[in-house]
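Coordinate analysis (summary)
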Amino acid sequence: MYVDSLPSFLNDVDVLAIVCYQWGDTGKGKVIDFFSDWADVFARGTGGPNAGHTLTVNGKKIITHQIPSGILRDKERKTNIMGSGMVIDLESSLKEMSELREAGCTFNGLRISDRAQLILPYHKVRDRLQSSMGSGEIGTTGRGIGPAYADKIMRLGPTVGDLKDKSRFVKMLEKVQQQYPGTIFNIEEVIEQQSRLYEEIKDLVCDTDKILQESLKEGARVLLEGAQGLLLSVDYGTYPYCTSSDPSIYGLTRGVGLTPDQVDLTLGIVKFPFMTRVGNGPFPTEFGGMKSESYCAEGNGNAHKQSIENAEFGSRADEMLRSDDEFERGRALRLIADEYGATTRRPRRIGRTDLVALKYAIGVNGPNLVLTKPDCTSELEEIELGVGYRTTSGETITEITHGRDITYGLEGVYERLPWNIGDISRCERVEDLPENMKSAMGYVASRCKTNIKMVSVGPEAKQTIIN
Ligand code: IMP
Ligand code: MG
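All of the points below concern the structure found in this document. (Residues numbered from 1 in each chain as written. Chains lettered and ligands numbered in written order. Predicted model: local features only at pLDDT ≥ 70, side-chain atom pairs only at ≥ 80, totals over all residues. Heavy atoms only, no water.)

Side note on the pairing of strand β7 (residues 110–113)
In regular strands, side chains alternate between the two faces of the sheet. Operational definition: At least two DSSP bridges between two strands are required for those strands to pair. In DSSP terms, a helix is any run of H or I states spanning at least four residues, a strand is any run of E spanning at least two, and both are numbered starting from the N terminus.
Where strand β5 (residues 79–82) meets β7, three bridges bridge the pair, whose relative direction is parallel. From the neighbouring strand, Asn80 faces β7, where its bridge partner is Leu110. Pairing between β7 and strand β9 (residues 205–206): two bridges, direction parallel. By the bridge assignment, Ile112 is partnered in β9 with Val205.

Structure follows, in structure tokens:
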């Protein structure tokens, strides 16, 4: 099996972090699955049910949201941690567990941090209220993420561990009601519901930072599972069009009680040669620009776009990739690459891989990359890579110092490269890859001063090439 060929770059690695360098949905789940023989402990440190990690196991699709992807290896006595930096919705966690249980999963090694913030029903109400008012243009997942993190910063948010002590929990909810008199909720109802949910998971709740540190002392191999992506970071991303956590290596390590120094290798997942974004916000290399953004946001991110696009293009999608209209090319690529949200089914916006943003992400998180999904572009004759942004005054920018430099009004400047890679899904070594693909990889490596460590050539864990 592929484990025979585990990369030599793991030789001295005890802590491996997998993070996305774009706007999420780059295939972290698949890469995590690739390393799941190697790892003993899997830990999530940021985000919550806004995440959706798609794994393909024996041809079957499994989507995890809050539970670490390593849960599929629970039977092998592996530990899965939901860390203190997360925001956790107990109701949907239990729903996710019951779906995973149906797929044959067990939860013996699952541990939930007592310090993780709770997402309570009123957080979801506030998320929706906010979305229908001023900041509605962000297009959140509506899972209560922003309000739960906001309450943490405001020192008002109950944690999972607070459910141990009912009277303390009541006091916290009373404070919330004073702070937000406009949000109506019944304290008794919330307590009744949350206590009932807590009963079902209370044996899993503990100080997970301690477990992680002790495991490391005992020589365990730890895989840190990032969520979302660097460009969605509230600290590094396209603020305010971002999520409310920091999915960089800094936020991820803080969210599991480690420091970045303790990470031996960070792998940055990069979709290539196209990239995607769900929800609103600037995306200079998008196919069809603003037209695509509003089309994808229509009807609040119309969950039926997939069937519409399927009915319209059917088997003609390959042909549409050669359309003169880049908006149509984007729609065709979305259908072929199945780019519809794992959590919301919203259509993902499609664009060219942006090397300006990638260079910035490398500066924050480090130079080691995994390229994903090139296999979905086998029908493209040539590719365009974003190498600059043209400003409204006609200037060209090739470097940025912060995600907030990516603004509306910038237009992508592209380098065109020949592609025509055909079917790469059975390639096993870099040498097997088509010449055009190898030269495009060389182009990225030299332009971004980076190391391409791995290339994914299909959805299954074993369809992975080590460079
Ligand atoms: P929130 O995280 O629900 O507050 O949403 C804020 C922004 O982040 C929206 O544009 C979402 O579409 C985006 N977002 C949140 N989680 C994910 C994810 O897992 N993948 C991709 N986009 C996400
Ligand atoms: Mg996702």
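We are not done yet, so read on.
Side note on the site of ligand 1
Counted only if it meets this: Residues are labelled near a given molecule or strand when at least one of their non-hydrogen atoms is within 4 Å of it. By the criterion applied in these results, polar contacts are pairs of N or O atoms within 3.5 Å in which, for protein atoms, one can donate a hydrogen and the other can accept it, and in which residues neighboring in sequence qualify only through two side-chain atoms. Note that accessible areas follow from Shrake-Rupley with a 1.4 Å probe, and for residues the cover is restricted to the protein chains shown. Residues are grouped as follows: Ala, Val, Leu, Ile, Met, Phe, Trp, Tyr, Cys and Pro are nonpolar; Asp, Glu, Lys and Arg are charged; all remaining types, including Gly, are polar. The source of the domain bounds is an automatic or database domain assignment.
Taken together, 16 residues sit near ligand 1, with Asn50, Thr141, Thr243, Val278 and Arg346 positioned nearest. The contact in question runs from an oxygen atom of ligand 1 to an N or O atom on the side chain of Asn50, over 2.9 Å. In the complex, 96% of the free accessible area of ligand 1, which totals 470 Å², lies under the protein chains. Here the residues of the shell around ligand 1 sort into seven nonpolar, seven polar and two charged. Among the domains, domain 1 (10–107 + 221–266) and domain 2 (118–201) are the pair contributing at least three residues each to the shell around ligand 1.

Points about the nonpolar core
This is how it is decided: Side-chain atoms within 4.5 Å are what join buried Ala, Val, Leu, Ile, Met, Phe, Trp, Tyr and Cys residues into a set we call a nonpolar core. Exposure is judged per residue with a 1.4 Å probe applied to protein chains only, and the accessible area is read against the type maximum: over 50% gives exposed, under 20% gives buried, and values in between give partly exposed. Only heavy atoms matter for contacts: two residues are in contact if any of them lie within 4.5 Å across the pair.
Within the largest apolar cluster, 73 residues are counted, with the highest numbers of intra-cluster contacts made by Leu224, Leu358 and Leu433. For this core, the element with the most residues is helix α13 (residues 355–365), which contributes eight residues. Every residue in contact with Leu358, bar those within four places of it in the chain, is listed here: Tyr21, Val270, Leu369, Val444 and Cys448. Counting residues in hydrophobic clusters, the runner-up holds 33 residues, among them Ile88, Met97, Leu173 and Tyr198.

Side note on helix α2 (residues 90–102)
Since the α-helix advances by 3.6 residues per turn, residues separated by three or four positions end up pointing in the same direction. The cut-off we apply is this: Given a helix with a known number of residues, its expected span is that number minus one, times 1.5 Å. Directions drawn from the helix axis to the C-beta atoms are what define this arc.
Look at α2: 18 Å from first C-alpha to last across 13 residues, which is about the 18 Å you get at 1.5 Å a residue. Residues of α2 that are buried include every one of Leu90, Ser93, Leu94, Glu96, Met97 and Leu100, and no others. On an axial view of α2, the arc spanned by its buried residues comes to 160°, and they lie on one face. In α2, the exposed positions that point more than 90 degrees away from the buried face belong to Lys95 and Glu102. Its buried side turned inward, α2 meets β4 (60–64), β5, β6 (87–88), β7, β8 (117–118) and α6 (187–201). Note on α2: the residue one or two positions beyond its end, Gly104, has a positive phi of about 100°.

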